[in-house]
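The residues making up each chain are set out below.
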Amino acid sequence: MKNLLLVAATEFEIAPILKWLETLKAPEANLKFSFPELEVTVLTTGVGLPLAMFQLTRALTLARFDLVINAGIAGALDKQLELGAVVQVVSETFADLGVEEADGSFTDLFKLNLINPVAPPFQDGKMVNTFGSAYDFLPKVHGITVNKVHGYAPSIDNLKRHTNAKVESMEGAAVFYTCLMYQMPFLEIRSISNYVEPRNRDAWEIALAIENLNDVLKNMLAGLLENRYE
Ligand SMILES: O=C(O)c1cccc(C(=O)CC[C@H]2O[C@@H](n3cnc4c(=O)[nH]cnc43)[C@H](O)[C@@H]2O)c1
């Protein structure tokens, strides 16, 4: 039997898949859905790096899982990505962990020699999902994780000059760090709800992003359940 941990920041991001699971099976404690061939545990961590890191670490110390799937919406740094597009994030960085210099530029903790850029789980300051390369069903992109969503043109321009990342979230790097440290296979799947641009909340397509994200999750879970519940 496979044990899967589905991790999202908020319940609204995974509400459709949760509803689908609930139509198939009544959950046990801790939102665990048990099928003969698969156990799916759903964990909502709250928004942001500290909450995600604590909740995921606790979950991984309390039970054994074969795979963690981090699912959620995200901002796109690249306008070539369509709103509603679903991607697999294959690398992550803690993008605002550092210092702001007197000229407004940003220096990360690796350049300041405060974190060793090649000490596990980092590779040249990045975290790479080596487990995720086995999965090839979505476009693969690089991601960054931030504490503060970018919404001010000069800081967005500055960010785009210094990263080749295509998506921005608030939890991805916490999942990468924790899973890589525990050598736990994992995937980060994100659907684009908005562009990282001067703040314009009205332009966010959250409903579309959630619908597409949950369609992908449903296909994955249905496959793992040998398509007996479609
Ligand atoms: O209503 C808002 O203004 C607002 C601002 C930030 C996040 C949200 C959420 O709905 C939180 C859910 C989730 O969304 C991820 N997310 C979505 N877009 C972005 C982004 O442009 N930059 C970073 N994170 C983003 C994030 O992982 C949150 O957990 C609402």
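Not measured: the values here are computed from a predicted model.

Some details on the nonpolar core
Counting 27 residues, the largest nonpolar core has Leu-21, Val-40, Val-42, Ile-69, Ile-189, Leu-217 and Leu-221 as its most contacted members. Among the elements of the structure, strand S1 (2-8), helix H1 (15-24), strand S3 (38-44), strand S4 (67-76), strand S11 (186-195) and helix H5 (206-224) are those that each provide at least two residues to this core. A per-element tally of this core places H5 first, with 6 residues. Contact partners of Leu-21, with chain neighbours within four places excluded, come to Phe-33, Phe-35, Val-40, Val-42 and Leu-221. Grouped together as the second largest cluster of nonpolar side chains are 22 residues, Leu-5, Phe-65, Phe-94 and Phe-176 included.

Some points on the UniProt feature "domain: Nucleoside phosphorylase" (unreviewed entry) in the protein
Sequence positions flagged by UniProt for "domain: Nucleoside phosphorylase" (unreviewed entry) are, in local numbering, residues 5-220. Taken end to end, residues 5-220 has its terminal C-alpha atoms 13 Å apart, with 28% of it in helix and 27% in strand.

A closer look at the packing of aromatic side chains
Under the criterion given, the structure shown has 7 aromatic pairs. Look at Phe-94 and Phe-122: their rings are 6.4 Å apart centre to centre, the planes differ by 65°, and that puts the pair in the edge-to-face class. Here the residue Phe-94 occupies a position in the loop between strand S5 (86-92) and strand S6 (98-100), and Phe-122 occupies one in the loop between strand S7 (106-108) and strand S8 (127-128), the gap between them amounting to 28 residues. Judged by its relative accessible area of 9%, Phe-122 falls in the buried class. Summarising the aromatic geometry, the rings of Phe-94 and Tyr-177 are spaced 6.2 Å apart at their centres and angled 65° between planes, so their arrangement reads as edge-to-face. Of this pair, Phe-94 sits in the loop between S5 and S6 while Tyr-177 sits in helix H4 (residues 172-182), placing them 83 residues apart in sequence. Judged by its relative accessible area of 16%, Phe-94 is buried.

Quick word on the layout of surface pockets
A water-sized probe rolled over the atoms picks out the places where empty space is left. The calculated volume of the largest pocket comes to roughly 1,000 Å³. Around the largest pocket sit 34 residues that line it, and Ala-95, Asp-96, Phe-106, Leu-159 and His-162 are the ones nearest its centre. Every element with two or more residues in the lining of the largest pocket is listed here: S6, S7, strand S9 (140-145) and helix H3 (153-162). With 4 residues, the top contributor of residues to the lining of the largest pocket is H3. Of the residues belonging to the lining of the largest pocket, the class tally is 11 nonpolar, 16 polar and 7 charged. The volume enclosed by the second largest pocket comes to roughly 390 Å³. Residue lining of the second largest pocket: 20 residues in total, with Leu-5, Asn-30, Thr-41, Ala-59 and Phe-65 positioned closest to the centre. Elements represented by at least two residues in the lining of the second largest pocket include exactly S1, S3 and helix H2 (49-62).

Calculation rules
- In this numbering scheme, every chain counts its residues from 1 along its sequence in written order.
- Owing to the predicted nature of the model, reporting of local features is limited to residues with pLDDT of at least 70; listing and counting of side-chain atom pairs is limited to 80 or more, with chain, interface and lining totals taken over all residues.
- For the side-chain quantities, the full set of heavy atoms in the structure was used; hydrogens and water were omitted.
- What is meant by a nonpolar core is a set of buried Ala, Val, Leu, Ile, Met, Phe, Trp, Tyr and Cys residues, joined one to another through side-chain atoms within 4.5 Å.
- Accessibility here uses a 1.4 Å probe with only protein chains present; expressed as a share of the type maximum, an area under 20% marks a residue as buried, one over 50% as exposed, and anything in between as partly exposed.
- By the criteria applied, helices consist of DSSP H or I runs no shorter than four residues and strands consist of E runs no shorter than two, each listed in order from the N terminus.
- We call two residues in contact whenever any of their non-hydrogen atoms come within 4.5 Å of each other.
- UniProt positions are given in the numbering used here, feature names are shortened, and annotations may be inferred rather than shown by experiment.
- Two aromatic rings, drawn from Phe, Tyr or Trp (for Trp, its six-membered ring), form a pair once their centres lie within 6.5 Å of each other, and the interplanar angle then sorts them: stacked below 30 degrees, edge-to-face above 60, tilted otherwise.
- With a 1 Å grid laid over protein atoms only, a set of points is called a cavity when a 1.4 Å probe fits there but cannot get out and a pocket when it is open yet has protein on both sides within 12 Å along at least five of seven lines; lining residues have an atom within 4 Å of a point.
- Grid points are joined across faces, edges and corners, and a volume is the space filled by probe spheres set on the points.
- Amino acid classes used here: Ala, Val, Leu, Ile, Met, Phe, Trp, Tyr, Cys and Pro are nonpolar; Asp, Glu, Lys and Arg are charged; the rest, including Gly, are polar.

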